[in-house]
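Each chain, letter by letter, is given below.
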Amino acid sequence: MKKLKVIALLICLLAGFTFAEEYYWPRSYYASAGFGVMVSKGDFNEHAVKGKDTSGSAGYIHPPALEFIATPDFMLGVNLGAFSFGIGFQYWNSEQVLADFVDESNKSMTRIWKASLEATYNLFYPDFFQIGLGIGYSYSSVKSENSAYFADGIYDAEFMGSAVAFISNLHYYITDNIAMVPAIKIYETWFKNVHASNIDNNDLDPYLWQTFILADLSIQYQF
């Protein structure tokens with residue numbers, strides 16, 4: 001199976017190089033920095049995860065609810081004609097309510113980072129106003145302090161997972177090089193691993209599913 005994947009990748013690359021030689025696509029690069037708000041809904045908001053530590057004792061890991069988050073959003077990428085390909089990064093810390101307690105008094109400082117790959121097609125290219133539609137893939141880490149409750153103590157816990165993203169944005173070019181880019185990004189995320197200092201890396205079965213919706217505004221510089 002791996003050999004077939006490698007062969008398919010090589011065929012795609014060769015086809016891409018052949019197409020690039022026959023057809024010229026204008027190329028440019030871009031960097032953007034923005035800020036947005038994110039809301040989420042899913043398994044993180046609803047229940048704790050039962051697990052066992054290295055001694056075999058059972059305990060519960062309480063994920064952060066992540067109902068509302070403010071976050072920066074950074075991108076680096078390349079434009080090939082009407083297509084844009086980018087690498088994104090988000091990182092933030094905030095205090096979040098832990099799920100599955102009788103009230104909302106249990107809170108934890110939570111560190112979240114997300115790295116992503118994005119591909120969009122820009123309608124109305126090369127006009128000064130463009131509409132982008134695309135997809136992406138991201139990897140996320142969500143780490144909360146004092147959120148894993150076991151018989152021998154309380155520990156930090158980190159959830160790790162992947163996501164498929166659906167992206168829509170607008171490009172409004174103020175100059176030939178500078179654009180305002182409001183965007184909506186929807187991440188359908190599945191968390192498949194959790195780690196705490198007193199347990200090994202645990203595969204989650206079933207996975208924890210969480211939907212993140214990010215609305216942000218970025219300033220993009222094209223060069």
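Just above, that's the structure.
First, a word on what this report is: a plain description of the structure on this page.

What counts, and at which threshold
Residues numbered from 1 in each chain as written. Predicted model: local features only at pLDDT ≥ 70, side-chain atom pairs only at ≥ 80, totals over all residues. Heavy atoms only, no water. Helix = DSSP H or I, 4+ residues; strand = E, 2+ residues; numbered from the N terminus. Buried < 20%, exposed > 50% of the residue type's maximum accessible area, 1.4 Å probe, protein only. Areas by Shrake-Rupley, 256 points an atom, 1.4 Å probe, with all protein chains shown as cover. Core = buried A, V, L, I, M, F, W, Y, C linked by side-chain atoms within 4.5 Å. Contact = heavy atoms within 4.5 Å. Polar contact = N/O pair within 3.5 Å; in protein donor to acceptor, adjacent residues only side chain to side chain. Salt bridge = Lys/Arg side-chain N within 4 Å of Asp/Glu carboxyl O. Phe/Tyr/Trp six-rings, centres within 6.5 Å; stacked < 30°, edge-to-face > 60°. Lys NZ or Arg CZ within 6 Å of the ring centre and 35° of its normal. 1 Å grid on protein atoms, 1.4 Å probe; cavity = no way out; pocket = protein on both sides within 12 Å on 5 of 7 lines; lining within 4 Å. Points joined across faces, edges and corners; volume = space filled by probe spheres on them. Nonpolar A, V, L, I, M, F, W, Y, C, P; charged D, E, K, R; others polar.

### Re the overall build of the protein
Part 1 of the reasoning: Per the secondary structure count, the protein includes one helix and 10 strands.
Part 2 of the reasoning: Each helix and strand of the protein, ordered N terminal to C terminal, gives the series α-β-β-β-β-β-β-β-β-β-β.
Part 3 of the reasoning: Split into buried and exposed, the 223 residues of the protein put 43% on the buried side.
Part 4 of the reasoning: Carbon together with sulfur atoms contributes 64% to the accessible area of the protein, which is approximately 12,600 Å² in total.

### Observations concerning the nonpolar core
Looking at soluble globular proteins, one finds that nonpolar side chains tend to be buried together.
Part 1 of the reasoning: Counting 26 residues, the largest nonpolar core has Ile-61, Phe-159 and Phe-191 as its most contacted members.
Part 2 of the reasoning: Of all elements in the fold, only strand S7 (129-150), strand S8 (153-173), strand S9 (178-196) and strand S10 (202-222) reach the threshold of two or more residues within this core.
Part 3 of the reasoning: Of all the elements, S8 adds the most residues to this core, at six residues.
Part 4 of the reasoning: Residues contacting Phe-191, with those up to four places away along its chain left out, are Phe-44, Ser-140, Val-142, Phe-159, Met-160, Gly-161, Leu-204, Tyr-207, Leu-208, Gln-210 and Phe-212.

### Let's talk about the environment of Asp-103
Part 1 of the reasoning: With respect to the helices and strands, the residue Asp-103 is situated in the loop between strand S5 (83-97) and strand S6 (107-123).
Part 2 of the reasoning: Asp-103 sits in the partly exposed class, given a relative accessible area of 39%.
Part 3 of the reasoning: A distance of 2.5 Å separates the side chain of Asp-103 from the side chain of Ser-105, its partner in a polar contact.

### A word on the pattern of salt bridges
Oppositely charged side chains can pair when the atoms bearing their charge come close.
Part 1 of the reasoning: Applying the stated criterion across every chain, the model contains three salt bridges.
Part 2 of the reasoning: When the shortest N-O distance is used, the salt bridge between Arg-111 and Glu-158 registers 3.7 Å. Pair noted here: Arg-111 is in strand S6 and Glu-158 is in strand S8, with a separation of 47 residues, a long-range link. Across the pair, Glu-158 and Arg-111 agree in class, each one buried.
Part 3 of the reasoning: One network of salt bridges, in which partners are shared, links Asp-73, Glu-118 and Lys-185.

### Re unusual backbone geometry
Part 1 of the reasoning: Geometrically, the link from Tyr-125 to Pro-126 is a cis peptide bond, its omega value of 5° lying close to zero.
Part 2 of the reasoning: Along the chain, the position of Pro-126 falls in the loop between S6 and S7.
Part 3 of the reasoning: Located in the positive-phi region is Leu-66, a residue other than glycine, with phi close to 55°.
Part 4 of the reasoning: Relative to the assigned elements, Leu-66 resides in the loop between strand S3 (58-61) and strand S4 (68-80).
Part 5 of the reasoning: Even without being glycine, Asn-146 reaches a positive phi, approximately 50°.
Part 6 of the reasoning: In this structure, Asn-146 sits in strand S7.

### Thoughts on the packing of aromatic side chains
Part 1 of the reasoning: Going through the model one piece at a time under the given rule, you end up with 11 aromatic pairs.
Part 2 of the reasoning: Centroid distance Trp-190 to Trp-209: 5.6 Å. Interplanar angle 40°. Geometry classified as tilted. With Trp-190 in strand S9 and Trp-209 in strand S10, this pair connects stretches of sequence that are 19 residues apart.
Part 3 of the reasoning: For the pair Tyr-221 and Phe-223, a centre-to-centre distance of 6.0 Å together with 20° between the ring planes defines the contact as stacked.
Part 4 of the reasoning: Exposure remark for Phe-223: the relative accessible area of 52% places this residue in the exposed category.
Part 5 of the reasoning: In textbook terms, an aromatic cluster arises when at least three aromatic residues are bridged by ring pairs, as seen for Tyr-29, Tyr-221 and Phe-223.
Part 6 of the reasoning: Sitting above the plane of the Phe-212 ring, Lys-114 keeps its charged end 5.0 Å from the centroid.

### Notes on empty space enclosed by the protein
Part 1 of the reasoning: For the structure shown, the criterion picks out one cavity of 30 Å³ or more.
Part 2 of the reasoning: One number sums up the size of the largest cavity: a volume of about 220 Å³.
Part 3 of the reasoning: Residue lining of the largest cavity: 20 residues in total, with Met-75, Glu-118, Asn-169, Val-181 and Gln-220 positioned closest to the centre.
Part 4 of the reasoning: Counting residues per element, the ones that place at least two in the lining of the largest cavity are strand S1 (27-42), S4, S5, S6, S8, S9 and S10.
Part 5 of the reasoning: Taken together, the residues of the lining of the largest cavity sort by class into seven nonpolar, nine polar and four charged.

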